[in-house]
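Spelled out from the first residue to the last, the chains are:
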Amino acid sequence: MEIVDWSRIPGPRWYRPEDAQAAVEALALSVSVGRAVRALADLRSAVSNDHAGTLYPAAVPATGVFLRVIGDRPGPPRQEALNTLLDWWGCFQPEPGFETYEDPSSGSVALIEGITSRVRSATDVLHRVMDDPSEGGGHRPGARLLLAKLDMVWTTAGA
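Report follows, based on the coordinates. This structure is a prediction, so every number in the text was calculated from the model and none was measured.

Side note on the nonpolar core
Then step 1. Ranked by internal contacts, the top residues of the largest apolar core, which has 48 residues, are Trp-6, Leu-43, Val-47, Leu-55, Ile-70 and Trp-88.
Then step 2. Those elements that place two or more of their residues in this core are α1 (17-29), α2 (33-47), α3 (59-72), α4 (76-88), α5 (111-120), α6 (123-131) and α7 (140-149).
Then step 3. The dominant element in this core, judged by the number of residues it contributes, is α3, at eight residues.
Then step 4. Ignoring anything within four residues of it in the chain, the contact list for Val-47 reads Trp-6, Ala-20, Leu-55, Tyr-56, Ala-58, Ala-59, Ala-62 and Trp-88.

Quick word on the packing of α4 against α7
The relative placement of two packed helices comes down to the angle between their axes together with the axis-to-axis distance.
Then step 1. Where α4 contacts α7, the two axes come as close as 10 Å, and the packing angle between them is 30°. On the basis of the axis angle, α4 is roughly parallel to α7. Considering only the axes of α4 and α7, their crossing is left-handed. Contacts between α4 and α7 pair Leu-82, Leu-85 and Leu-86 from the former with Gly-142, Ala-143, Leu-145, Leu-146 and Lys-149 from the latter.
Then step 2. The residue makeup of the contact of α4 with α7, split by class, is six nonpolar, one polar and one charged.

Some thoughts on the pattern of salt bridges
Then step 1. The full count for this structure, using the stated rule, is four salt bridges.
Then step 2. Of the charged contacts, one joins Arg-44 and Asp-50 as a salt bridge, the two residues approaching to 3.1 Å between their closest N and O atoms.
Then step 3. In this structure Arg-44 comes out as buried when scored by relative accessible area, which is 11%.
Then step 4. With relative accessibility at 43%, the residue Asp-50 sits in the partly exposed group.
Then step 5. When the shortest N-O distance is used, the salt bridge between Arg-118 and Asp-103 registers 3.8 Å. Placement of Arg-118 in helix α5 and of Asp-103 in strand β4 (residues 100-103) is noted, with a sequence separation of 15 residues between them.
Then step 6. By relative accessible area, Arg-118 is classed as buried at 15%.
Then step 7. The exposure class of Asp-103 is buried, given its relative accessible area of 15%.
Then step 8. Residues participating in the shared-partner salt-bridge network are Arg-44, Asp-50 and Asp-87.

Describing the environment of Ala-22
Then step 1. Among the secondary structure elements, Ala-22 is positioned in helix α1.
Then step 2. Here the alpha-carbon distance between Ala-22 and Ala-46, two residues 24 residues apart in the chain, equals 9.7 Å.

Rules used in this analysis
Residues numbered from 1 in each chain as written. Predicted model: local features only at pLDDT ≥ 70, side-chain atom pairs only at ≥ 80, totals over all residues. Heavy atoms only, no water. Core = buried A, V, L, I, M, F, W, Y, C linked by side-chain atoms within 4.5 Å. Buried < 20%, exposed > 50% of the residue type's maximum accessible area, 1.4 Å probe, protein only. Helix = DSSP H or I, 4+ residues; strand = E, 2+ residues; numbered from the N terminus. Contact = heavy atoms within 4.5 Å. Axes fitted to C-alpha atoms, helices over the stretch in contact; angles between N-to-C directions. Parallel < 35°, antiparallel > 145°, perpendicular 65-115°, else oblique. Left-handed = near helix turned anticlockwise from the far one by under 90°. Nonpolar A, V, L, I, M, F, W, Y, C, P; charged D, E, K, R; others polar. Salt bridge = Lys/Arg side-chain N within 4 Å of Asp/Glu carboxyl O.

Now the structure itself:
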């Protein structure tokens, strides 16, 4: 599991790294489905602006958190994580002035490329979810759609 120092990730003045950290900690400690879903919603809120349709650089490592949940936590937490990535894909844009993410392992990467790269590296997880017969395959459509989006171009405004 990737250790993220959320306070080292730049963002607009309304980005609160302490909220991202608290959400990830709450997710790790959650013993109920409701708390896990709340933690995921809090993480989404900490790394994006739903009203403006923008993503902060912290959305890149948050994508890794959502993908781990998709792989490891069936039921409503998996659905919340899938919904977040599906909502972001192609609809959200980087917050102006915060179009890149400084990846500790590879350096500067365009925010959208950082997210798509993480999803692309998790295709095995998404295929496993599609093949999972539990819950009647209820997450199959979301996983299939997220895989299909990998073939679509996610353009940024002005691109």
